[in-house]
Amino acid sequence: MVIGLILLSAAMLAIDSRLRSALVAYAVFTTGTLWLAFPHGEKLSALAFFFVLAVVKLAIGPFALVMLVKRFKVPEDLAPSVSLPWRLLLVVATLLAAREITRMTAFNDIASAGVVFYAIFTSMMIVVLHRNLLAHVIGLLMLGSAITLSGAVFAPGLPSAIEIADTFDAVVATVVALAIARALVGLDPRLDIRSLRELRG
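Each value, and the rule that gives it
- Residues numbered from 1 in each chain as written.
- Predicted model: local features only at pLDDT ≥ 70, side-chain atom pairs only at ≥ 80, totals over all residues.
- Heavy atoms only, no water.
- Helix = DSSP H or I, 4+ residues; strand = E, 2+ residues; numbered from the N terminus.
- Buried < 20%, exposed > 50% of the residue type's maximum accessible area, 1.4 Å probe, protein only.
- Contact = heavy atoms within 4.5 Å.
- Areas by Shrake-Rupley, 256 points an atom, 1.4 Å probe, with all protein chains shown as cover.
- Polar contact = N/O pair within 3.5 Å; in protein donor to acceptor, adjacent residues only side chain to side chain.
- Axes fitted to C-alpha atoms, helices over the stretch in contact; angles between N-to-C directions.
- Parallel < 35°, antiparallel > 145°, perpendicular 65-115°, else oblique.
- Left-handed = near helix turned anticlockwise from the far one by under 90°.
- Nonpolar A, V, L, I, M, F, W, Y, C, P; charged D, E, K, R; others polar.
- Core = buried A, V, L, I, M, F, W, Y, C linked by side-chain atoms within 4.5 Å.
- Phe/Tyr/Trp six-rings, centres within 6.5 Å; stacked < 30°, edge-to-face > 60°.
- Expected span 1.5 Å × (residues − 1).
- Patch = residues over 30% accessible without salt bridge, like charges linked within 9 Å, V, L, I, M, F, W, Y side chains within 5 Å.
- Salt bridge = Lys/Arg side-chain N within 4 Å of Asp/Glu carboxyl O.

Visitor: Explain the overall build of the chain to me, please; I cannot follow it from the model alone.
Guide: Within the chain one finds seven helices and zero strands. Counting from the amino terminus, helix and strand elements in the chain follow one another as α-α-α-α-α-α-α. Per-residue burial for the chain yields a buried fraction of 43% across its 201 residues. Within the chain, residue pairs in contact and separated by at least 24 positions form 73% of the contacts whose partners lie at least 6 positions apart. Only carbon and sulfur atoms are counted for the fraction: they give 71% of the accessible area of the chain, which is about 10400 Å².

Below, the structure written as structure tokens:
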């Protein structure tokens, strides 16, 4: 059930071009990955850090996006760079690629390996397929959740602090992207990444 929700929400994030529905799909995706990656039996400090990152991903990040849109009247269109049929085709291709990877000898005995690869590929695809900087922020947040999931699937014996530390990098990148979006909105309210070319000195 949880894996099915992760697959469906990731596909919706790549296909849809509306911010509100993308945020709902992102919340479902992140909740599912955090559920699967929850560090059971870890120390209180690791659980607290995990909880803080969960709050950042599920509450603070999306809230910052919504406030940015409301305050500066940013269009909620995520400006996909390719048409809907191409996005659908890429999602199917990504799913098939993740399935083929799980058939490799190194991964065929690892449960949920395909979900991890699909989540990572889809996160990067969201960044590549959209011109709106808000979609890039969502993609980075999603990538952080995928990293957390990959640590839980591929290295369940490692301390959760290691995978959480890796996820923290994606959270920092998201904060930087939000700061760039805040600075760019005055130049281009559409937050089209092509406007970044005009910032070159």
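Visitor: Please clarify how the environment of Ser21 should be interpreted in this entry.
Guide: Relative to the helices and strands, Ser21 is located in helix α2 (residues 19–37). Sequence separation between Ser21 and Glu76 is 55 residues, and the spatial gap between their C-alpha atoms is 10.0 Å. Side-chain polar atoms of Ser21 contact the side chain of Asp16, separated by 2.3 Å. A polar atom in the side chain of Ser21 sits 3.2 Å from the backbone oxygen of Arg18.

Visitor: Help me understand the packing of helix α4 (residues 84–102) against helix α5 (residues 113–129) in this model?
Guide: Packing of α4 against α5 leaves a shortest axis separation of 8 Å and a crossing angle of 150 degrees. By the angle between their axes, α4 is roughly antiparallel relative to α5. For the element pair α4 and α5, the recorded crossing hand is right-handed. Here Arg87, Leu90, Val91, Thr94, Leu95, Ala98, Ile101 and Thr102 of α4 come into contact with α5, specifically with Ala113, Gly114, Phe117, Tyr118, Phe121, Thr122, Met125 and Leu129. Classifying every residue of the contact of α4 with α5 gives eleven nonpolar, four polar and one charged.

Visitor: Would you explain the nonpolar core in this entry?
Guide: Side chains of nonpolar character tend, in soluble globular proteins, to be buried together. In terms of nonpolar packing, the biggest core is built from 41 residues, with Leu13, Leu134 and Ile138 touching the most fellow members. Of all the secondary-structure elements, those providing two or more residues to this core are α1 (2–15), α2, α3 (44–72), α4, α5, α6 (133–154) and α7 (160–184). Tallying contributions element by element places α6 first for this core, with ten residues.

Visitor: Even after reading the chapter, I still don't get the packing of aromatic side chains, so can you show me in this structure?
Guide: Geometrically, a pair of aromatic rings is defined through the distance of the ring centres and the angle of the planes. Applying the stated rule across the entire model yields four aromatic pairs. In this structure an aromatic cluster arises from ring pairing among Phe107, Phe117, Phe121 and Phe154.

Visitor: What is the right way to look at α3 in this model?
Guide: Every α-helical turn comprises 3.6 residues, leaving residues that sit three or four positions apart pointing alike. Between its first and last C-alpha, α3 extends 40 Å over 29 residues, near the 42 Å set by a 1.5 Å rise per residue. Listing the buried residues of α3 in full gives Ala46, Phe50, Leu53, Ala54, Lys57, Gly61, Pro62, Leu65, Leu68 and Val69. Phi turns positive one or two residues past the end of α3, at Lys73, with a value near 50 degrees.

Visitor: Could you clarify how one ought to interpret a nonpolar patch on the surface in this entry?
Guide: Together, Phe49, Phe51, Val52, Val55 and Ile60 give the surface a local cluster of nonpolar side chains, amounting to about 430 Å² of exposed area. With respect to the helices, strands and loops of the structure, Phe49 is situated in helix α3. Here Phe49 falls in the partly exposed class, since its relative accessible area comes to 31%.

Visitor: Honestly, the pattern of salt bridges in this entry has me stumped. Any pointers?
Guide: Two side chains carrying opposite charge are able to pair once their charged atoms lie near each other. One pass over the structure, following the stated rule, counts three salt bridges. Arg18 is the partner of Asp16 in a salt bridge, and the nearest nitrogen-oxygen pair spans 3.2 Å. A relative accessible area of 10% means that Asp16 is categorised as buried. Exposure remark for Arg18: the relative accessible area of 54% places this residue in the exposed category.

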